[in-house]
Structure formats: C-alpha cells, structure tokens
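Structural overview
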Amino acid sequence: MRNGSVQHRPFFKVLIANRGEIALRVMRSARKLGLGVVAVYSDADRDALHVRQADQAVRIGEALPAQSYLNIPAIVAAAKASGADAVHPGYGFLAENEDFAQSCKDAGLVFIGPSAQAIAAMGNKAGAKEIMKKAGVPVVPGYQGANQGDEVMLAEAKKIGFPVMIKAVAGGGGRGMRLVADASSFPEALRSARSEAQAAFGDATVILERAIQNPRHIEIQVFGDSHGNAIHLGERDCSVQRRHQKLIEEAPSPAVTPELRAKMGEVAVAAVKALRYEGAGTLEFLLDPSGAFYFMEMNTRLQVEHPVSEAITGLDLVELQLRVARGEPLPVKQQDIRFTGHAIEVRLCSEDAAHDFMPQSGRMARWQVPDGIRVEHALQSDSEIPPFYDSMIAKVISQGATREEARGRLIVGLEQLTAFGVTTNQAFLLSCLRHPDFAKGEATTAFIGAHRDELLAPRADAAFDIALAGLLLYVTNPQAPAWRRGRSLAATFPLPAKIEIAGHVYELEVTRERDGSYTVASDGRQDKFEIDQLDLGVIRFRHDGVMESAKFLRDGDGLHLQRRGIPLAATDLTLAAPKAAASNGDGKVRAAMNGRVVAVLVKPGDRVTAGQPVMTLEAMKMEHVHKAGIDGVVAAIDVAEGEQVTTGRIVAEIGAG
C-alpha cells in the first residue's frame, strides 16, 4: 500500500470537488472557519447555484461525470489554477477514490478525508470485510475473490445460495448493486451491475453476499484524528430504501437499545483506531430481527444523511472534518457526546415513483422551501436539473424532542415545500412518513417492497383534485372572463373541458354561476367552488363549507397544482389535436429519459416478444432497461452504444412479423 499518512498543514482556501447541495453545505462550514471556497463545474452546471455562490469557480469538463467530476487531473489543475491549498470531495464521485486522495497529496494539496491507504483498505468492500473478519466482527457470508470470471461468479453465487446480492467493490449509493433471486437471472444482473459500477466509479469489480431478509440498515458515524483519538456519534437507521438507495434516515434508530448502541459503537471505534483512521467515516451494518448484526461496508467519507447526526449531537460534522484535516485533535471525547431528541431526514429526488422511480430531468419552474425546517438544496425557480447526475435534489431534515414530534414536523415541512416543473417523490415520501409501520418505528429494508401499492395509492379525494385542476385551468385561461371577488356576474353555459393527469384523460364541464361561484361536473359528480383569492400562485376557496388553499402555477397549457402537500400536473387538452399512437403499441421504443445508451440487447432481424429487454440507458447514475411494446421483428436500431439520447427519441423500431 502507499504511504498511509495524511498530509497536515494550515490551509486557507478549499476547492470543493463536487456539485449541488453538498458543495453549498461544505461552503457554509468552510466560511464559518474563515476559509475561501472554490467551486468546480461541468458544462451542464455552468449556471448552477454552487458556482455562483463560490468565491471562484473553474470549469473542469463536459457534462458526463467521466469528463468532469470524475476527472482527477482536471480537478487537481483547477485547485492549482485557483490557488486552493485543500480539497474537500463531498460525497459520491471521487470521495472514496484512493487515487484522487493520493493525487491531491502528490500535488501538495491537503485532502480533507482519510489517507489513500485507509480509503483503499476500507472503501473497497472486499478488503473491508477481510479486515473486519480478522478483527472478529461478524460479516455477511459471501465471495470477494480476485477471479471475476462469469462462470466463477455464478458458481460462487450457487455456493452462497440464492437470493444473493451483487455489489460494486468501489462504490455505494446503490450503484452497481443487484438483488438476484435465482441462477437464471444472474448473468444479466452481473453484466448490468458491472456496467453501472464502471460508469459510476471507474471500477467494474464486484463481490457477492448472501441476501439477509428483512433486516434493518444501521450505520455508525465515526471520527478519528491524527492524535490517535476516535469517537462515534451514535447510529442512524437508513432502512427505508428503494433501488438499494436510502430515502429516509433517522437518528437514533427505533430498533437500537442503549446496550446495542454501545456494542456497535465500540466495534466501530476499535476499527477506526486499528486503521489509524483520520476524518469522518461510517460503518454500515445489517441488523436482523434477532438482534444480530453484520458488517457490510465502511464509507470513508461524509454521508448524505449526516444532518440527522448533527441534529441530535449539536456538532457540525463538516467543521470537524476541516479541523481534523488541519491536524487539530478532535474537540470532543466520547464521554462528552450527548444524544438529544430525534431527527429524521428525507431525500427529495427528481423521479417518478409511480413508474419504478424513473429519474426525471428538466426545468424546476417554481421552487419554494418552508420556513422553520432545515432544507439542504442548491435550487431556485427556473433551475435546470440535468440528466447526468444523481436524482437527489434536496434533503429535508426535522428534529424534535421525540420521534413523533420530528415525524410530524417533517410531514408539515414537506407539505409546505413547492417543487413545480419536474416530477419528484414528494407525495411518496409523505405516504412513507404517514404509513402506520413507519409511524410505529417498524420499517425494515423490506418496507417499500411490502407496502408499495399502499404507498403509491391515490388519496381518497383524488376526484376532488381533478375538479380543482379543471377549475384552475378554466379561470387562469387568458381567454376566460376575469375572476373578481365579491362581484355579481352573469352566469355562463356549461363549457366543456378535457384535461390529462398522469396519463389519464378526464372530460369536465365548468359553469360560472350567477353568484360568482363555479360548478365543475365530471363523471356524474358536481363540485361547487367559491373562490376567495386567486393571485401570487395561490387559490383560496370554499368547498362544502370548508375554506382551504392550494398552490398552483399555470405554464402554457400545463398546470402545476399542490394541495395538502400532494403535487399533480395537469394539461389542458380541450383544444389539442389527437395524440399520436402510444409508444408501446406502435412498435417504436422511445427513450424514457435523457441518458446514455450503455447496452443494445438485440439486433435488426431478431424476433422479440412484448416485454423483452431491447436496450439499456444510463441516466442519473442508474441503468434503465427499455422493453419491446409488441411482438415482432426488430426492423431498426436507431442508436449506438455510448450515444447520448434525449427523452422521446426513437431508439429501436419493431415491425410485425
């Protein structure tokens, strides 16, 4: 291994080798310590908020991560050009890349993180498991051998026993991870995991682990310094996940007793001391229903969910990173750390939960965050969300004296947040937080899979939202008679309207009554609205004697509406031409998102059946399989591997035959 020492010396300007909300988060703590901050950006992020808020900013390449945020020489050169003398990697991208840490050191830059040796030892899942096994820590049975041949991997998977988990050795965040139920689906899952790992981390190596059923995902936050001190900051429960990526994290865990916390913390601190580890790190464990825990991996970086640990300890974890990197001893000892109250974080992602959490990109037409709750983000109205990076766009964090208080505050905060223009998982997060199993603290990693239909179910009064959307499209139409409060108006004949919401078309009739109220009729139902306010993107109205309000944004023929925290998008089809044939029935396979073609699975002349995979796109660091919509013969492949495509682009054509 390389020299394991961390380079310590005073530094005065920090380059943040990342983007978005984590770049702004690091800037905040750096400035608190009187440090200058430098941003880097790709072509896709030229106008991003983290670029505008930095003291200096340096372009490092084109939009794709491999050409920018994963480009080590470009980032080191940016540090030199800007006069930065330290580099903070944030999380993701190069945060756990030993070559990056070493390159910074070789260039005379202080890397704000552990040594390259520690990253190599613990950032690699296979190596970390071996170190933990030697230390007597229980680990999940699996295979982490050097022989990565397809036949060897399949044989080892059979030895372990299905279901097995494939994991990229170099990464985290669910990339390069696949749960495989049986031997027949193993080869394609292995190919896909390797491809995704290579794209996200530059390393296609994977390990295999037995899949432990229905565990809790528990992680311990640790810190070490150059003076031999090590502490833990308690646990976080990160069990609520989709695609093996965390959605909700909380501290402390409802399932961890003080005795178990002490035991897991002791194991984690012993590992930090044995490694002579410096900086922030997290040891991740699976906790089974019996109370047994198994080491999974160590993340040698700051975690996305670090704010919940900050909330219950009162410590600034980024500030601790900066101080340790300067060679200072940790300012607190284990016996000084107190855990107060409860904190919960949700990850707001630009994705469509109803369509297998498919990533979404585009323009955030309106962005408003609530007061009185912590929101980590790098957005503003009209921000562009590019398709090249992670789908997480913000984190909302609440804290309270009790778990129930924190949960209630988070629900209210999410209800008040406005994100119009790009589909997000806002409504899905609210469903998770309100679900009885989560409310009781009983959610495991199986939570979303077990309750998916409930979590995605429309609310009971969804028909009311349709009527309200129809009313808003009518009263905000430039051709409609202007609404005026408290005026006696002439009645109108019922006017037909046709709107589309979530792929469904609804036919309505809107009538302006003589008393100034409106009646919306649809499918045998009639809703009467008395509008009290209609301005600044807010409508206040009475319905069945109850006054309430909703936020909205009219955008051409489109409408964004949010009532009680649940957003929906509607399109006015009243005067629209009939739509073309649906993409799943005309034989044309269209790109479901902006992305890069990573695998073409068929060729012209191949016979395919409906539902058969034909192409894989990579978007927001995840792979998405596109399937044939009909039985037939592949007539044409319209793209090549490696090509970047836009949403709706025809990628393959299937003819009858």
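In this text the structure is predicted, and so the values were computed from the model without any measurement.

One water molecule sets the probe size; rolling that probe over the atoms shows where empty space is left. Taken as a whole and judged by the stated rule, the model has 6 cavities of 30 Å³ or more. In this model, the largest cavity occupies a volume close to 100 Å³. Around the largest cavity sit 12 residues that line it, and Ser5, Val6, Ala101, Lys105 and Ser115 are the ones nearest its centre. When residues in the lining of the largest cavity are grouped by element, the largest group, 3 residues, is from helix H4 (residues 98-106).

Bringing the sheet that holds strand E34 (residues 607-608) into the picture now. Hydrogen bonds between backbone groups are what pair the strands of a sheet, and the pairing can be parallel or antiparallel. Pairing is antiparallel across the open sheet formed by 4 strands, whose spatial order is E32-E39-E37-E34. For this open sheet the edge positions go to strand E32 (588-590) and E34, each flanked by a neighbour on one side alone. Both E34 and strand E37 (residues 632-637) contribute to a ladder of 2 bridges, which runs antiparallel. In the strand pairing of E37, Arg607 is matched with Val633.

Now for unusual backbone geometry. Glycine aside, residues mostly have negative phi, and peptide bonds are mostly found in the trans state. Each neighbour pair has its own omega, and for Phe162 with Pro163 the value is 5°, a cis peptide bond. The peptide bond linking Ala251 to Pro252 adopts the cis configuration, its omega dihedral lying at -5°. A positive phi angle, close to 55°, is found at Asp356, a residue other than glycine. With phi around 50°, Asp523 is a residue other than glycine that occupies positive phi space. Locating Asp523 in the fold gives a position in the loop between strand E26 (518-522) and strand E27 (525-535).

In contact at an axis separation of 10 Å, helix H12 (residues 403-416) and helix H13 (residues 426-434) are set at 160° when each is read in the N-to-C sense. It follows from the interaxial angle that H12 and H13 lie roughly antiparallel. Considering the relative orientation of H12 and H13, their crossing is left-handed. Only Gln426, Leu429, Leu430, Leu433 and Arg434 of H13 make contact with H12, whose side of the interface consists of Arg407, Leu410, Ile411, Leu414 and Glu415. For the contact of H12 with H13, the class distribution of residues is 6 nonpolar, 1 polar and 3 charged.

Thresholds, definitions, all that
- Residues numbered from 1 in each chain as written.
- Predicted model: local features only at pLDDT ≥ 70, side-chain atom pairs only at ≥ 80, totals over all residues.
- Heavy atoms only, no water.
- 1 Å grid on protein atoms, 1.4 Å probe; cavity = no way out; pocket = protein on both sides within 12 Å on 5 of 7 lines; lining within 4 Å.
- Points joined across faces, edges and corners; volume = space filled by probe spheres on them.
- Helix = DSSP H or I, 4+ residues; strand = E, 2+ residues; numbered from the N terminus.
- Pairing = 2+ DSSP bridges.
- Axes fitted to C-alpha atoms, helices over the stretch in contact; angles between N-to-C directions.
- Parallel < 35°, antiparallel > 145°, perpendicular 65-115°, else oblique.
- Left-handed = near helix turned anticlockwise from the far one by under 90°.
- Contact = heavy atoms within 4.5 Å.
- Nonpolar A, V, L, I, M, F, W, Y, C, P; charged D, E, K, R; others polar.

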